[in-house]
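# Coordinate analysis (summary)
Below are the chains, spelled out letter by letter.
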Amino acid sequence: MLGFALRLVAKTALSQRYRFAALAGSIALASSLLVVLAVLYLNASSLLAVELSGVPNLVVEPKKTPAGVPVAELSADQVPALKAREHFWRNNIQNAAPVLLAEGNAGGRELRLAGTWFRREVPSENGSYPFGVLEFRGWSYTGEPPGEGMVVLGAAVGIAQPGDAVEIETANSTRTFRVAGVLETGSYWDSYVFLSLEELQQMLGRTDIDLVLVGALIKPRDELAVRAELYGPEALSPEEFEAWYCSPYASAIAYTIAEVVPNSSVRVLRRVTGVQEELLRASSAAFLVLFAVSALVAVFSILSAVRMYVSAKRRELGIQRAIGASEARVAVQLGMEVLAASLLAALLAYPVSGTVAEAISRSVFGVELSSGLELLVLSLAMPPAASLVALFFLRKELSRELVEVLR
Amino acid sequence: MLRRLVATSLRHRARLYLPMVLAVALSLALAGTALTVGESFAYIVEEKMEMYGANVILTEVDEVPAGGVAVELRSAELEGSEVVVAVADVEALLAMNPAWLVRGTGDVLAGAEVAERLGIAPGDRVELAGDERVVAVLESGTEFDSYLVVNGTPGEVDMVLLRTEEPERYRGKGVVLEEMLRAKYAFLEGVESLLAQVSAVTLVTALLGALNLARMDAGTRRREFGILRAMGAGRRTLGWLVLSEYLALALLTGAVALVATLVMSSAVLQATAGTAPVMDAGIPLMLVLFSLLSFLVVGAAYLGELRRQEVAEELRGE
């Protein structure tokens, strides 16, 4: 019985190859579209989150005594801990820059100075990672790469032009620097003059830092995160605490940073995280609903293709019924034909959807998609699943049509 | 005559054509929805930027601009330590900065840094200027975390917080905060570009889908066309019949796609942002044109198929 049905399917595929190919092509097209959209939408939120994380959203500061004195010094050597294995959310840390604040003047004009890393390779598990103020992608730097004896001016400082020499005086010493460029941050940092951290430490005779600016990939807050923020993580049950700790909420990342940087207090820059969370929430929801709509459209397209295929074969199927084939047998044969077409479609959908999704990802986000397994599973599962759904919806209509043909 | 033939043919083949029209129309609508959602996202992003709160902090204040929240900074002693007290209309301050978090309820807001330093928890009572006050804790992620914020009318105005659509007007009089601007544009560009490309892929899929569906239909009308030929209809008449049918289908598909785009984009935007879609005038035009193009290509392919059919064989019943 099975052998006979398989032979019939094979014969149909060969003798009506154009129609069979058209069915397989239609299923492949609809499935590929759905797979492309699924893979893109699954990855889009995290890729868009990277676009939004180009500015600092957390600030690490030393814990202070009631008199306002740091409990312990914060050091630039602690910054690599953010990317170290011990830090649970190390992969979500996009950038960090230690900052030492000071006051100085140039030509009688008071200046705010910030000693920092411009660009520094920080070791991580997977090699090294570039950290520094010029690595915040939401900030815009114009000028030459700053080196030793160079400063970068915040956009609102305006004391000199790139290439000019500036004599900067602090309480302890005076040094002449060359202006490498201008950094536009759109924040308070626009009124700072940025120096190399080591050079400012030398000028001030200090070895510590005042704060670390951190840019982290975060997840929008939900009810659990809001509760953790309002009442503190200690108010959560152990299960809730684990769920909160293992989700990249800004507050959870701040908590884990405080674990790897002892005696620190981590401030969440709420104006920034608020916008990031809202935009991510809106885009994720839009992608989810768009995906649901796409799934409906894809299933409907496959349904139409199967419907057309069945209609075109009415006479042939009617003859089979007339010479004694049961309705179930005709349905099984038709199901096998559609399944065979959908398996062929699955083989087509995998390379097609992979190529299209990859091309869109490169063009929009400039990165390769890391979703090989998702793509494979979706490509192979989607065509047969959608075809079976289509056949399920068409079963009554098929039976009615065969009766009409037999009349 | 032709009109009657087309109308009759469409009526008789409605059960076959309806899924085809819907499949192509829904694919076109998906493309239209992706484009509309992409274009409407600019408005959603602007709305969400409200979370950023004050975007101008005026430090040189001649007059408090409309909508601005004036703040006076004073020094005071709290729990034996020196703190900076910010006097302002607290309700207006919190309304302007929706991302700020207030833990607990109280008469005064202790900034998170002050609270941590002095060991104050939400609900604690503290003595401030001889009065006992209940404290709530403010986590703003701004300088206000190092202040004690007290509700009141400022005597001297040290700064004004302002949320404005024209921050440029205030450049030079304080700090203009726009650090999310670049990220916002990068994000928006990403969303729009993604949805535009998705839309392009969907359009191509719709066209190929229509072609495939027509390919499956080809050959099923050989008897009908054979009879028409036998009754004297020429190839040109048959061509016009097919093209007219496909033109009617194209117009119907375009109209369905347009309505479906409006419904689907409204559903997506209402569900995600509670906003109505903002549809560019080019999108309906694009849907109708693409529908016409799809069905003309399909009709042309169908005609090609007709030419290959051997009518005499059909009439002989072979």
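Residues numbered from 1 in each chain as written. Chains lettered and ligands numbered in written order. Predicted model: local features only at pLDDT ≥ 70, side-chain atom pairs only at ≥ 80, totals over all residues.

This part is about the overall build of chain A. When helices and strands are counted, chain A shows ten helices and twelve strands. Taken over C-alpha atoms, the radius of gyration comes to 31 Å for chain A, far larger than the 22 Å a tight globule of 407 residues would show. Seen along its three principal axes, the alpha-carbon backbone of chain A occupies a region of about 105 × 50 × 30 Å. In chain A, buried positions account for 49% of the 407 residues. (Helix = DSSP H or I, 4+ residues; strand = E, 2+ residues; numbered from the N terminus. Rg over C-alpha atoms; globule rule 2.2 N^0.38 Å. Buried ≥ 20, exposed ≤ 12 C-beta atoms within 10 Å, placed from the backbone.)

Below, the discussion takes up the overall build of chain B. A tally of helices and strands in chain B yields nine helices and ten strands. In summary, chain B has a C-alpha radius of gyration of 34 Å against a globular reference of 20 Å for 318 residues, an excess of more than 25%. Considering chain B as a whole, with its 318 residues, one finds that 44% of them fall into the buried category. Relative to all contacts within chain B whose residues are 6 or more apart in sequence, the contacts with residues 24 or more apart total 84%. (Contact = placed C-beta atoms within 7 Å.)

The next thing to look at is the packing of helix H7 (residues 270-312) of chain A against helix H7 (residues 235-273) of chain B. In the contact formed by H7(A) and H7(B), the axes pass within 9 Å of each other and the chain directions differ by 145°. Judged by the twist between their axes, the crossing of H7(A) over H7(B) is right-handed. Here Ala282(A), Ala285(A), Ala286(A), Val289(A), Leu290(A) and Val293(A) of H7(A) come into contact with H7(B), specifically with Met264(B), Ala267(B), Val268(B), Ala271(B), Thr272(B) and Ala273(B). For the contact of H7(A) with H7(B), the class distribution of residues is eleven nonpolar, one polar and no charged. (Axes fitted to C-alpha atoms, helices over the stretch in contact; angles between N-to-C directions. Left-handed = near helix turned anticlockwise from the far one by under 90°. Nonpolar A, V, L, I, M, F, W, Y, C, P; charged D, E, K, R; others polar.)

Further remarks concern the domain arrangement of chain B. The accessible area lost on association of the parts is a frequent measure of interface size. Domains assigned within chain B are domain 1 (2-47 + 182-315) and domain 2 (56-176). Spacing between the C-alpha centres of domain 1 of chain B and domain 2 of chain B amounts to 59 Å. (Domains from an automatic or database assignment.)

Residues and elements named next belong to chain A. Between its first and last C-alpha, helix H2 (residues 17-52) extends 51 Å over 36 residues, near the 52 Å set by a 1.5 Å rise per residue. Along its length, H2 reaches its greatest deviation from straightness, about 40°, at Ala 44. With 27 of 36 residues buried, H2 lies mostly within the body of the structure. (Expected span 1.5 Å × (residues − 1). Bend = angle between axes of the 7 residues up to and from the residue.)

Another aspect to go through is the interface of chain A and chain B. Between chain A and chain B, the residue contacts involve 65 residues of the former and 65 residues of the latter. The set of elements that each furnish at least two residues to the side of chain A that touches chain B consists of H2, helix H4 (223-231), strand E12 (264-268), H7 and helix H9 (327-365) of chain A. In terms of residue count, the dominant contributor to the side of chain A that touches chain B is H7(A) (26 residues). Its residues assigned to classes, the side of chain A that touches chain B comprises 39 nonpolar, 17 polar and nine charged.

Residue and element names in this part refer to chain B. Residue-level pLDDT values for chain B average 84, and 93% of them are 70 or greater. Within the model, pLDDT remains below 50 along residues 311-318, and this stretch shows nine contacts once partners closer than five positions in the same chain are excluded. We note a pTM of 0.81 for the whole complex and an ipTM of 0.78 for its interfaces. (pLDDT = per-residue confidence, 0-100.)

Residues and elements named next belong to chain A. Located in the positive-phi region is Asn 263, a residue other than glycine, with phi close to 55°. Within the fold, Asn 263 resides in the loop between helix H6 (250-260) and E12. The partly exposed category is assigned to Asn 263, around which 14 C-beta atoms lie within 10 Å.

Attention shifts here to the domain arrangement of chain A. Taken domain by domain, chain A comprises domain 1 (2-49 + 279-406) and domain 2 (58-268). On a C-alpha basis, the centroid separation for the pair domain 1 of chain A and domain 2 of chain A is 52 Å.

Of all six residues in strand E11 (residues 211-216) of chain A, six are buried, a share of seventy percent or more. Here E11(A) shows no split at all, with Leu211(A), Leu213(A) and Gly215(A) on one side and Val212(A), Val214(A) and Ala216(A) on the other all buried.

Residues and elements named next belong to chain B. Two elements in contact, helix H2 (residues 14-48) and H7, have axes separated by 6 Å at closest approach and are oriented at 40°. Between H2 and H7, the interaxial angle falls into the category oblique. Of the two elements, H2 crosses H7, and the hand of that crossing is right-handed. Here the residues of the contact of H2 with H7 are counted per class, giving 19 nonpolar, seven polar and no charged. (Parallel < 35°, antiparallel > 145°, perpendicular 65-115°, else oblique.)

On to the environment of Gly115(A). Residues and elements named next belong to chain A. Along the chain, Gly 115 turns up in strand E3 (residues 109-116). Separated by 77 residues in the primary sequence, Gly 115 and Tyr 192 have C-alpha atoms spaced 9.8 Å apart. Those residues in contact with Gly 115 that lie beyond four places of it in its chain are Leu 100, Leu 195, Ser 196, Leu 197, Glu 199, Leu 200 and Gln 201.

Attention shifts here to the pairing of strand E5 (residues 127-131) of chain A. Residues and elements named next belong to chain A. Across five bridges, strand E4 (residues 120-124) lies against E5 in antiparallel orientation. When the sheet's bridge partners are listed, Arg 120 is paired in E5 with Phe 131. Taken together, E4 and the strand that follows it, E5, pair antiparallel across an intervening segment of two residues. (Pairing = 2+ DSSP bridges.)

Time to look at the environment of Leu279(A). Mapped onto the secondary structure, Leu279(A) falls in helix H7. Along the primary structure Leu279(A) and Leu82(A) are separated by 197 residues, whereas in three dimensions their C-alpha atoms are 26 Å apart. Among residues more than four places away in sequence, those in contact with Leu279(A) are Leu52(A), Val45(B), Lys48(B) and Phe187(B).

Our next topic: the environment of Leu48(A). For Leu48(A), the location among the structural elements is in helix H2. In this structure the C-alpha to C-alpha distance between Leu48(A) and Leu280(A), which are 232 residues apart in sequence, comes to 7.6 Å. Here Leu48(A) is in contact with Leu280(A), Ser283(A), Phe187(B), Gly190(B) and Val191(B), once residues within four sequence places are set aside.

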